[in-house]
Structure formats: C-alpha cells, structure tokens
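Single-letter residue listing:
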Amino acid sequence: MTPARILGTVGVVGLSIVVLAGCVAKSEVAASDALTVTATDTGCEVSAATAASGSLAFDVTNAGSDVTEFYLLAEDGLRIVGEAENIAPGASRTLTVVAQPGEYFTVCKPGLIGEGVGRSAFTVSGDAVAIDGPDAEQKQQAVDLYAAFVEDQVSQLVPAVAAFVADYEAGSDDAARAAFPQVRAYYERIEPIAEALGDLDPRIDYREVDAVAEGLDWTGFHRIEKDLWVPAQDALNADGETPAWHDWAPSTPQGRAAFGGALLADVSELNDYVRSDDFREALEAQGIVGLSNGAIALLDEVAMGKISGEEDWWSGTDLWDFAANVEGSKMAFSLARDFAASKGDEGAALVEEIDAGYAALEASLAAHGSLVDGFAPYSSLTEDDKREFTDLINALAEPLSRLTVTVLE
C-alpha cells in the first residue's frame, strides 16, 4: 500500500466510496448541485457544510503544491465514506457518493500522509435513500457475487500466508522469496476491503517510510520483505533519502517469529471480517455504486505506487501487485458493466471505452510476464515502459471516473 490511509479507512470496502447506494433516478443525480472543494497545503474548503440526502458530487481542485486526497468521513471520524485520490497540483477530480442522512466530516490530505488538514463537519439531511427500482434484484445479485469473490480471495490468502510465514520463520528464504509476490496477489485484488478496518491495512501492508511518517510500528508484508531482500549497506529507502539501515537490522529468529505471527493474526482478522454480517451489510449499503467506485479505487492503487516502483522497494515485484490490482479492478467493473451498458448509447459507448482500456493495459502487462509464470523485475523496466503504463492507466481512469454516475442513471 502507498502513502497513508491512517484516517481510519472504512469506506467499507474500498469500494470505498458510498454510504448507501440505491436506485437513484437520473433526474435526482442531475438536480444535485456539485459541491466544490478547494484543497491547499493547509486547508480543505468545501463550498457548503450541508446537503440533502441522495446523490452528492464533490468537485475537488488541488490548489496546493503537493499531490493530495479528499475524504468524506463518517460521524466517528474514522470510516471513509468516500475518497478522491491521487490529485496532482492543479488537477481536479470528482467524487460521487449516495449519502444517507447523518453527520460526516470532510478533510484533505496533502502529501498523502498524516491526519489531513481542514477537517470540517458536514451534515446530510432529508429522507433515507431506499434501494428500489426494477433492477434492484439484479443489483443485489451483483453485490452478492462480489462478496463471494472477496471471500474466495481471502480464503486462499489465509493458507498461502501460513505457508509463506512458515518458510520465513524457518529461514527458508529462497522459498519465502518465491512465494512473496504470489501470496500478495490475493491481497492486492481486494486490498481496499482491509481499509475498512481502521489500522488493519497499515499493519498488513505499510511501507517503512509510511509507517515512520505516521509514527506507527512497522509490521506486515513489507517488514518481512526487507528481511528477505536485505539491502546493501549504502542503499536508501523508498523516499530516496533515508539510509536503509537507519534504525533497522535484519530480524533475529525471535523477531521473525513475532513479525510472522503478527501477519498471520492480521490476515485472520481480515478473514473474520469478510465472513461477518458487518461486511455483508456494508456491501449492501454501498450497492452497485460501491462496485463501480471499487474499480476506480484499485486502479488508483496502481497509479499511486506500482508505476513508480515504490511498493515492493526491496523485492522489485511491483508488477505482480500491479497485475493483481488490475484484476481486482476489472472484476468490480464487470459486475457493474451491464448496468452501465443498459443506459442507452452513451452507456454502451462508455463500456466499450472501458473494455478497450482494460484490454490495452493487460496487453502491455503481458509483454512483461504474468501472475502464473512470473513477471520481470521492476528494475528491468525502461522509462518508455513506465511512460506507457502511465499513459494507459490515465486513459482507463478517465472513463472509469464516469462509471459511477452512469450506473446511477
């Protein structure tokens, strides 16, 4: 995971973006005046502090000097109801949510680390938004299918992590290194789900530089990764500044047992959650919009860390994570696809554009390997390769950004 989700993260599924989704009429969406958000290095100014329940759009402009994010948080100030990620200076993004009446907070996060700036109360009033309409049953089926997909991935993650940890603790480093990117693929396909549980994703998947910036204990996959790919004495961390051996040394056998045990416990907590009523209720509350926003969220994961090679800094296995994020994104999109395609010529054209975007991105990835046969190390990529990936991600992200509004029509 790349910089910081310590705000608490629980959009509840990193399909992350909706309080409640229902069958909202196109006229309702169109009638909702977009709220404007001006994000700076020190503030987060929202054009209004109240809104009526239903479809809300936040047009976020980054007027600051660093990449930023915008969050709509639940009343507890922890759970992420919606987020617009990876907004470059001078750029704009639109976050669309379907909000129930209640109390919320808005906040921006310049630099993608820390607790954010400009946190302000935000109130949604009016009637509860009900799930109804002629296609409600089909939408519920799509949500059920996604829940089954998540449960399946986590059910495979649990034993894979157990075998990986056993090799790591036993000092069987060749076996653990071979397993590392394969095990992570199960997690990367559904990573935003862990973000629904406060600090669970940071415990499982924070990089060292992010944990240090947040003042957190550094644990999880990337702590183990550094033990398996011990850096040279003169190497630097992913920030390009901190010496790799600053406040770090390879773990003792006792240390390995502690880090391995912690990862097992955290993955077990994730497994308990995805089999709970809370998880099902969260998915159902988000509905089909959660799936469309989930496709966007996973593509953002690629853009924020995998393209730059900062995710798997020591192992160079970023392309495995990249491919798994894309698979998870495409899975979420596939369940919202038919609804978008049914929205007339405009919807059909949007689906065709998104299909082409995934196909082009998958073809580019295939030139460097596959999850089955393995990928080339990140260090083998040329600047042209990285630029091609960036262009393809941007080309796919644009039509995906229009998907949420389309499925609401």
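Residues numbered from 1 in each chain as written. Predicted model: local features only at pLDDT ≥ 70, side-chain atom pairs only at ≥ 80, totals over all residues. Heavy atoms only, no water.

This part covers the overall build of the protein chain. Check the secondary structure of the protein chain and you find 13 helices and 11 strands. When the 409 residues of the protein chain are sorted by exposure, 54% land in the buried category. Within the protein chain, contacts between residues separated by at least 24 positions form 76% of all contacts whose residues are at least 6 apart in sequence. By element, 52% of the accessible surface of the protein chain is carried by carbon and sulfur atoms, the whole surface being about 15,600 Å². (Helix = DSSP H or I, 4+ residues; strand = E, 2+ residues; numbered from the N terminus. Buried < 20%, exposed > 50% of the residue type's maximum accessible area, 1.4 Å probe, protein only. Contact = heavy atoms within 4.5 Å. Areas by Shrake-Rupley, 256 points an atom, 1.4 Å probe, with all protein chains shown as cover.)

With that settled, consider the pattern of salt bridges. Considering all chains together, one arrives at 24 salt bridges under this definition. With its nearest N and O atoms 3.1 Å apart, the salt bridge here joins Arg 402 to Glu 353. You can see Arg 402 sitting in the loop between helix H12 (383-401) and helix H13 (403-408) and its partner Glu 353 sitting in helix H11 (residues 344-366), a full 49 residues away along the chain. The partly exposed category is assigned to Arg 402, whose relative accessible area is 34%. Classification of Glu 353 as partly exposed rests on a relative accessible area of 36%. For Arg 402, the salt bridge goes to Glu 398, with nearest N and O atoms at 2.9 Å. What makes Glu 398 partly exposed here is its relative accessible area of 39%. Overlapping salt bridges, with partners in common, bring together Arg 184, Glu 188, Asp 205, Glu 311, Asp 312 and Asp 321 in one network. (Salt bridge = Lys/Arg side-chain N within 4 Å of Asp/Glu carboxyl O.)

Let us now look at helix H10 (residues 318-341). Across its 24 residues, H10 extends 33 Å between first and last C-alpha, which sits within 8% of the 34 Å expected from 1.5 Å per residue. Of all the bends in H10, the largest measures some 40 degrees and sits at Leu 335. Counted residue by residue, H10 has 17 buried out of 24 residues, so it is predominantly covered. (Expected span 1.5 Å × (residues − 1). Bend = angle between axes of the 7 residues up to and from the residue.)

Turning our eyes to something else, we now look at unusual backbone geometry. Positive phi, normally seen in glycine, also occurs at Asp 247, with a value near 55 degrees. On the secondary structure map, Asp 247 appears in the loop between helix H7 (221-228) and helix H8 (253-274). By relative accessible area, Asp 247 is classed as exposed at 72%.

In this section: the pairing of strand E5 (residues 68-73). E5 sits mainly inside the fold: six of its six residues count as buried. Burial along E5 is two-sided: Thr 68, Phe 70 and Leu 72 facing one way and Glu 69, Tyr 71 and Leu 73 facing the other are all buried. Bridge analysis of E5 against strand E8 (residues 102-108) gives four bridges, and the strand direction is antiparallel. Bridge assignment links Leu 72 to a residue of E8, and that residue is Thr 106. (Pairing = 2+ DSSP bridges.)

Further remarks concern the packing of H10 against H12. Where H10 meets H12, the axes come as close as 14 Å, and the angle between the chain directions of the two elements is 20 degrees. Put simply, H10 runs roughly parallel to H12. Crossing of H10 against H12: the hand is left-handed. Here Leu 319, Phe 322, Ser 329 and Phe 333 of H10 come into contact with H12, specifically with Phe 389, Ile 393 and Leu 400. When its residues are assigned to classes, the contact of H10 with H12 shows six nonpolar, one polar and no charged. (Axes fitted to C-alpha atoms, helices over the stretch in contact; angles between N-to-C directions. Parallel < 35°, antiparallel > 145°, perpendicular 65-115°, else oblique. Left-handed = near helix turned anticlockwise from the far one by under 90°. Nonpolar A, V, L, I, M, F, W, Y, C, P; charged D, E, K, R; others polar.)

With that settled, consider the state of the cysteines. Tallied over the full model, the rule gives one disulfide. Between the sulfur atoms of Cys 44 and its disulfide mate Cys 108 the distance is 2.0 Å. On the sign convention where negative means left-handed, the S-S torsion of about 55 degrees between Cys 44 and Cys 108 marks this disulfide as right-handed. Linking Cys 44 in strand E2 (residues 44-46) with Cys 108 in strand E8, this pair joins segments that are 64 residues apart in sequence. (Disulfide = S-S within 2.5 Å.)

Moving on, we come to the packing of aromatic side chains. A complete count under the given rule lists 14 aromatic pairs for this structure. Linked through ring pairs, Phe 164, Phe 180, Tyr 187, Phe 221 and Trp 229 together constitute an aromatic cluster. (Phe/Tyr/Trp six-rings, centres within 6.5 Å; stacked < 30°, edge-to-face > 60°.)

Turning to the environment of Arg 223, a few remarks are in order. Mapped onto the elements, Arg 223 comes out in helix H7. For the pair Arg 223 and Phe 259, spaced 36 residues apart in the sequence, the C-alpha separation amounts to 7.7 Å. With near-sequence residues (within four places) excluded, Arg 223 lies in contact with Trp 218, Trp 248, Ala 249, Ser 251 and Phe 259. At 3.2 Å, the side chain of Arg 223 forms a polar contact with the side chain of Asp 227. For Arg 223, the side chain forms a polar contact with the side chain of Ser 251, separated by 3.0 Å. (Polar contact = N/O pair within 3.5 Å; in protein donor to acceptor, adjacent residues only side chain to side chain.)

The biggest cluster of nonpolar side chains holds 72 residues, and the ones touching the most others in it are Tyr 146, Phe 164, Leu 270, Phe 322 and Leu 400. Broken down by element, this core gets its largest block of residues, 13 residues, from helix H2 (residues 136-170). For Phe 322, the contacting residues outside a window of four places in its chain are Val 302, Lys 306, Ile 307, Leu 361, Leu 365, Phe 389 and Ile 393. In this structure, Phe 58, Val 81, Ile 87 and Tyr 104 belong to the second largest nonpolar core, which totals 22 residues. (Core = buried A, V, L, I, M, F, W, Y, C linked by side-chain atoms within 4.5 Å.)

Quick look at the packing of helix H3 (residues 173-189) against H10 now. Interhelical geometry of H3 versus H10 gives an angle of 30 degrees and a closest axis separation of 8 Å. Comparing the axis directions of H3 and H10 gives the class roughly parallel. Of the two possible hands of crossing, H3 and H10 adopt the one that is right-handed. Facing H3, whose interface residues are Pro 181, Gln 182, Arg 184, Ala 185, Glu 188 and Arg 189, H10 presents Trp 320, Asp 321, Ala 324, Asn 325, Glu 327 and Gly 328. When its residues are assigned to classes, the contact of H3 with H10 shows four nonpolar, three polar and five charged.

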